[in-house]
Amino acid sequence: MHRISKLSLPVRPTLFLLIPLVLTLLAACTPDNHQSTFGTAGPVAKDQADLFKFIFWISAVVFVVVEAAVIYIAIRYRRRSDSDKLPHQTHGNTKLEITWTLIPVLILAAIAVPTLTDIWAQQSHVPEDQGEVLNVEAIGHQWWFEFRYPDQEVIVSNELHIPVGRPVAFKLESQDVIHSFWVPKIAGKVDMVPLNDNYMWMIGDEVGEYYGQCAEFCGIAHAHMRFRVFVHEEEDFQAWVDGMHTAPDTPLAGSSEASGKNLFAANCSSCHTIDSTAPGSYAREISAQQARWNGWVSDIENSGIVSAPNLTHFGTHSTIGAGLKDLNKTTLEQWITDPSSIKIGTRMQKHAAVYDTDNNKAKLTASEISDIANYLLSLKPGSTPSGEVANNSASVDGESLFTTNCSSCHSTGDDTIVGPGLAGIADRAGTRVAGQSVDAYLRESIINPNAFIVDGYPAVMPGWEQLGTESIEALVTYLKTLD
Ligand code: CUA
């Protein structure tokens with residue numbers, strides 16, 4: 001019979017090959033890694049990391065003690081020869097049983113105290129004593145993030161800007177499925193659940209750029225659903241907020257950007273808002289986003305619109321595709337041409353008419369794509385003073401007013417976007433209300449649209465009185481030219 005006299009250790013060369021592999025994997029734990037939870041830059045992430053380390057070291061001690069005992073006992077009391085007999089069997093040992101019950105109780109109690117303390121500190125209230133609280137509504141969409149600043153009336157997609165050292169209170173929402181909001185170095189992670197808002201707070205302790213990631217499987221592009229957080233000095237944050245209320249300069253006539261602006265209006269503006277700088281635009285974007293969602297969800301297979309990132313001042317963004325790639329002319333052109341070459345599953349490519357081709361690539365020439373890219377990259381705060389309505393002061397050109405303010409919901413042809421296509425609106429307008437002139441009907445429809453909702457369309461259009469009489473007249477004149 002085989003005699004187990006020697007402990008046979010299966011030390012083979014292949015084992016040594018595992019060592020560099022394990023070291024390589026461990027290198028991923030470096031605090032320098034963008035999504036490492038070890039290099040923290042905020043109190044929430046730091047408390048969570050400290051708690052993790054505390055539990056890790058307790059577990060490490062338990063592991064070593066238990067494994068050492070197992071190995072010692074296995075060697076010390078192993079069967080030494082064929083004549084070894086079964087040892088005397090015992091049952092019950094009160095002292096031992098009390099000991100191995102008490103030790104885990106003490107360990108769990110030791111873990112529970114800091115765990116509950118941290119949960120209480122992070123979930124019970126926003127630490128208002130640590131600075132003026134900034135409110136942000138973070139909304140998960142398949143597959144990008146929307147950030148709304150209700151007090152500043154700013155909306156931005158995929159790139160969150162916050163001031164250093166101030167508590168930021170988040171209301172976490174989802175428009176479609178469950179996502180999870182996670183900024184590994186600053187705070188994490190809380191689920192974004194449809195119809196059930198969650199709340200969390202965080203403080204960014206160090207100025208810098210941080211990676212965010214959706215941390216709940218939410219569909220095909222889940223792993224590519226990222227975002228960035230920019231922590232600014234207070235005055236830089238205020239400058240950013242002011243910039244978000246400052247319209248971009250109008251492209252020079254005849255420039256590539258001007259051409260891009262028209263192409264954007266024709267192909268992209270039903271879903272992407274680019275002008276959330278004017279007063280009133282915050283509420284408008286919220287209702288437009290809701291209308292896009294309603295449009296999509298009511299006809300998921302055939303919808304021509306989808307919820308989409310707000311692209312106001314897109315030229316100031318650092319990334320494209322929800323934090324996937326650095327934003328530059330090359331990546332932007334690639335994105336416009338064929339989004340799935342960067343990020344699989346984009347709804348835009350499935351639903352936007354411009355991608356309705358055999359190979360699902362954009363129905364645009366290389367130079368048209370270049371124009372759109374140039375235009376988007378040119379979108380930055382311009383020289384218009386903060387708070388003024390773009391195009392309201394100098395220009396009363398009805399067509400450009402329409403492009404800026406109306407074209408995200410109305411086409412100039414027969415296609416329905418959110419509202420009806422406006423081709424031939426002048427002919428229809430004259431027949432709507434007895435005794436009302438075409439001009440009066442159009443004017444009233446702009447100022448008080450809900451008075452005349454056409455059956456079958458959602459009552460989502462806001463009034464546009466703030467454009468001012470001169471601009472409204474210019475718009476009416478332009479609308480009458482559409483046939
Ligand atoms: Cu959103 Cu995963």
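The preceding data block contains the structure.
Notes on the structure follow.

Conventions used here
- Residues numbered from 1 in each chain as written.
- Predicted model: local features only at pLDDT ≥ 70, side-chain atom pairs only at ≥ 80, totals over all residues.
- Heavy atoms only, no water.
- Helix = DSSP H or I, 4+ residues; strand = E, 2+ residues; numbered from the N terminus.
- Rg over C-alpha atoms; globule rule 2.2 N^0.38 Å.
- Areas by Shrake-Rupley, 256 points an atom, 1.4 Å probe, with all protein chains shown as cover.
- Axes fitted to C-alpha atoms, helices over the stretch in contact; angles between N-to-C directions.
- Parallel < 35°, antiparallel > 145°, perpendicular 65-115°, else oblique.
- Left-handed = near helix turned anticlockwise from the far one by under 90°.
- Contact = heavy atoms within 4.5 Å.
- Nonpolar A, V, L, I, M, F, W, Y, C, P; charged D, E, K, R; others polar.
- Pairing = 2+ DSSP bridges.
- Salt bridge = Lys/Arg side-chain N within 4 Å of Asp/Glu carboxyl O.
- Buried < 20%, exposed > 50% of the residue type's maximum accessible area, 1.4 Å probe, protein only.
- Core = buried A, V, L, I, M, F, W, Y, C linked by side-chain atoms within 4.5 Å.
- Arc of directions from axis to C-beta.
- Polar contact = N/O pair within 3.5 Å; in protein donor to acceptor, adjacent residues only side chain to side chain.

This part covers the overall build of the protein chain. A count of helices and strands for the protein chain gives 13 helices and 12 strands. Since a compact globule built from 483 residues should have a radius of gyration of about 23 Å, the 31 Å found for the protein chain marks it as more spread out than a globular shape. Principal-axis analysis of the C-alpha atoms places the extent of the protein chain at approximately 115 × 55 × 40 Å. Surface accessibility of the protein chain: about 25700 Å² in total, with carbon and sulfur atoms responsible for 59%.

Another point: the packing of helix H7 (residues 329-337) against helix H9 (residues 366-377). Relative orientation of the contacting elements H7 and H9 amounts to 125°, with a least axis distance of 9 Å. Taken together, H7 and H9 sit at an angle that is classed as oblique. Where H7 crosses over H9, the handedness of that crossing is right-handed. Between H7 and H9, the contacting residues are Lys329, Leu332, Glu333, Ile336 and Thr337 on the first element and Ile369, Ser370, Ile372, Ala373, Asn374, Leu376 and Leu377 on the second. Considered class by class, the residues forming the contact of H7 with H9 number seven nonpolar, three polar and two charged.

Further remarks concern the sheet that holds strand S3 (residues 154-157). Strand order in the open sheet formed by five strands is S3-S2-S1-S5-S8, and the pairing between neighbours is mixed. Strand pairing shows two members of the sheet lacking a second neighbour, S3 and strand S8 (198-202), which therefore form its edges. Across the sheet, the axes of successive neighbouring strands diverge by a mean angle of 25°, strand direction being ignored. Pairing analysis gives four bridges linking strand S2 (residues 144-149) to S3, with the strands arranged antiparallel.

Another point: the pattern of salt bridges. Scanning the entire structure with this criterion turns up 11 salt bridges. For Arg292, the salt bridge identified is with Glu285, shortest N-O distance 3.7 Å. Exposure class is identical for Arg292 and Glu285. Each is buried. Residues participating in the shared-partner salt-bridge network are Lys171, Glu173 and Asp197.

Next up on the list: the nonpolar core. One finds Phe147, Tyr149, Leu160, Phe170, Phe181, Met202 and Val229 to be the most contacted residues of the largest nonpolar core, which totals 38 residues. The dominant element in this core, judged by the number of residues it contributes, is helix H4 (residues 234-244), at four residues. When sequence neighbours within four positions are dropped, the list of residues in contact with Val229 reads Leu160, Ile162, Val183, Ile186, Met202, Gly208, Glu209 and Tyr210. Among the nonpolar cores identified, the runner-up in size contains 24 residues, and Leu327, Ile336, Val354 and Leu379 belong to it.

Looking at H7, one finds that the buried residues are Thr331, Leu332, Trp335 and Ile336. With its buried residues spanning 135° around the axis, H7 presents them on a single face. Looking at where H7 begins, the residue whose side-chain oxygen comes 3.0 Å from the main-chain nitrogen of Thr330 is Asn328.

Attention now goes to the pairing of S2. A large share of S2 lies buried, amounting to six of its six residues. Judged by which residues are buried, S2 turns out to be covered on both faces: Trp144, Glu146 and Arg148 on one side and Phe145, Phe147 and Tyr149 on the other are all buried. In this antiparallel pair of consecutive strands, strand S1 (residues 134-141) and S2, the connection spans two residues. Linking S2 to S3, which pair antiparallel, is a turn of four residues; within it Glu153 sits at a positive phi near 55°.

In short, shape yes, function no, at least from these values alone.
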